[in-house]
Amino acid sequence: MINDSSLCQLIKQALQDSEKDRDIHNAAEVLALAIDQLPEVKRYCAGWLLPYYDEALPITMRDVKRNINKFPQIYRLNMASVNCENPSDAGKVRKMFIHWVIMILRRDCYDVKRQRDKQPQIFSTSDIVKGEVFSLDNCVADQNITTMDRLIQQEQHSLAVKLKRYIEQDPEQKLQNSHPRGRADCNCQVLSQKILLDNFPSEIKSIARELNIPYQTLLTHWNRKCLPILVELAENLGY
């Protein structure tokens, strides 16, 4: 496992290579190869992404290598001021980098899935409510994307925006009124905001620790109550 300090230094070196207009096959190449060694990425891909991971990974590595200079721009990071020997700085950079890589990887996995299925629809409403397109604007631009793909993405992004607004406002209080017994502070609106809308989405385990509620209770409520509500809302908002 590559530690925070080493990953931070590698990112810095890759950015320096990019700024000097070198043939970016040195630090950026090593950085791209390191993606497969990041346990956070593998944990994220343990679910529905797993069947597409091996095929999508080389594409993601290429995208990261080619677009590494966009990473600090997206997160407004001044890498020159980052001290990679400082655990706080290095940990922050690692978290942002992994978030960026996952955004690219899941897009590439969807592309692989679309090619296998030979269907024009990239995202389902179920995928959308699980957060797969909330970060669409931050995805690395692909110059080879077709006009039809852009139209599909625009439509899906519009739905994601509508769903995001609904979660934030909860006008009918459907989300706020759904919570484990006696734990109104763990309602579906709170969970949706933490899991889907935060810049750095939380895992249910960390939310359970934060809210001092049993993990299994929270996981069951999210899967059996919150997700069905969100899927229904997404379907209604999409028509």
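Check the entry above for the structure.
Residues take numbers from 1 onward in each chain, read along the sequence in its written order. Side-chain atom pairs in this predicted model are given and counted only at pLDDT of 80 or more, local residue features only at pLDDT of at least 70, and totals for whole chains, interfaces and linings cover all residues. Hydrogen atoms and water are omitted, and side-chain values are computed over all heavy atoms in the structure.

Moving on: the packing of aromatic side chains. Within 6.5 Å between ring centres, the rings of Phe, Tyr and Trp (the latter by its six-membered ring) count as paired, and their orientation is classed by plane angle as stacked under 30 degrees, edge-to-face over 60, tilted in between. Under the criterion given, the structure shown has 4 aromatic pairs. Relative to F97, the ring of F71 has its centre 5.6 Å away and its plane inclined at 90°; by these criteria the two rings are edge-to-face. Remark: F97 occurs in helix 6 (residues 87-117) and F71 occurs in helix 5 (residues 70-74); sequence separation between them is 26 residues. Here F71 matches F97 in class, with each residue buried. Taken together through their ring pairs, the aromatic side chains of F71, Y75, F97 and W100 make up a single cluster. The way it works is that DSSP assigns letters per residue, a run of H or I at least four long becomes a helix, a run of E at least two long becomes a strand, and they are numbered from the N terminus. The rule is simple: take the accessible area with a 1.4 Å probe, protein chains only, and divide by the maximum for that residue type; under 20% is buried, over 50% is exposed, in between is partly exposed.

All right, on to helix 11 (residues 215-237) then. Multiplying 1.5 Å by the residue count of a helix minus one yields the expected span of that helix. An ideal rise of 1.5 Å per residue puts 33 Å on 23 residues; helix 11 measures up with 31 Å between its terminal C-alpha atoms. Along helix 11, the largest kink reaches about 40° and is centred on W222. Within the sequence span of helix 11, burial applies to L218, L219, H221, W222, C226, L227, I229, L230, L233 and A234. We define the bend at any residue as the angle between the axes fitted to the seven residues before and including it, ending there, and the seven starting there.

A separate point is the packing of helix 9 (residues 188-197) against helix 10 (residues 204-211). Every axis corresponds to a line fitted to the C-alpha atoms, with the helix fit spanning only the stretch in contact, and the corresponding angles, defined between N-to-C directions, vary from 0 to 180 degrees. Contact geometry of helix 9 with helix 10 gives a least axis separation of 11 Å together with a crossing angle of 135°. It follows from the interaxial angle that helix 9 and helix 10 lie oblique. You can see that helix 9 and helix 10 cross each other, and the crossing is right-handed. On helix 10, the residues touching L191, K194 and I195 of helix 9 are I204, I207 and E210. Gly is placed with the polar residues, together with every amino acid not listed as nonpolar (Ala, Val, Leu, Ile, Met, Phe, Trp, Tyr, Cys and Pro) or charged (Asp, Glu, Lys and Arg). Its residues assigned to classes, the contact of helix 9 with helix 10 comprises 4 nonpolar, no polar and 2 charged. Here roughly perpendicular refers to angles of 65 to 115 degrees, roughly parallel to angles under 35, roughly antiparallel to angles over 145, and oblique to all remaining angles. Note on convention: near helix rotated counterclockwise from far helix by under a right angle means a left-handed crossing. Clockwise means right-handed. By definition, residues are in contact when any of their heavy atoms lie within 4.5 Å.

Another point: the nonpolar core. Put simply, a nonpolar core is a bunch of buried Ala, Val, Leu, Ile, Met, Phe, Trp, Tyr and Cys residues held in one set by side-chain atoms that sit within 4.5 Å of each other. Residues I11, V41, F71, F97 and W100 are the most contacted members of the largest nonpolar core, which totals 43 residues. Setting aside anything within four residues of it in sequence, one finds V41 in contact with I35, Y53, I98, V101, I102 and L105. By size, the runner-up hydrophobic cluster in this structure holds 24 residues, among which are L191, L218, L227 and L230.

A separate point is the state of the cysteines. Structurally, a disulfide amounts to a covalent bond that connects the sulfur atoms of two cysteines. Here, two cysteine sulfur atoms that lie within 2.5 Å of each other are counted as a disulfide. Evaluated as defined, the whole model comprises 2 disulfides. Each sulfur of the disulfide joining C8 and C84 lies 2.1 Å from the other. On the sign convention where negative is left-handed, the bridge of C8 and C84, at about -65° about the S-S bond, is left-handed. One end of the pair, C8, is in helix 1 (residues 4-19); the other, C84, is in the loop between helix 5 and helix 6, and 76 residues separate them in sequence. Under the relative-accessibility criterion, C8 is labelled buried at 0%. Sulfur-sulfur distance for the disulfide between C188 and C226 comes to 2.2 Å. Between C188 and C226 the sulfur-sulfur dihedral comes to about -85°; the bridge is accordingly left-handed. Residue C188 is located in helix 9, and its partner C226 is located in helix 11; the two are separated by 38 residues in the primary sequence. The same class applies to C188 as to C226, namely buried.

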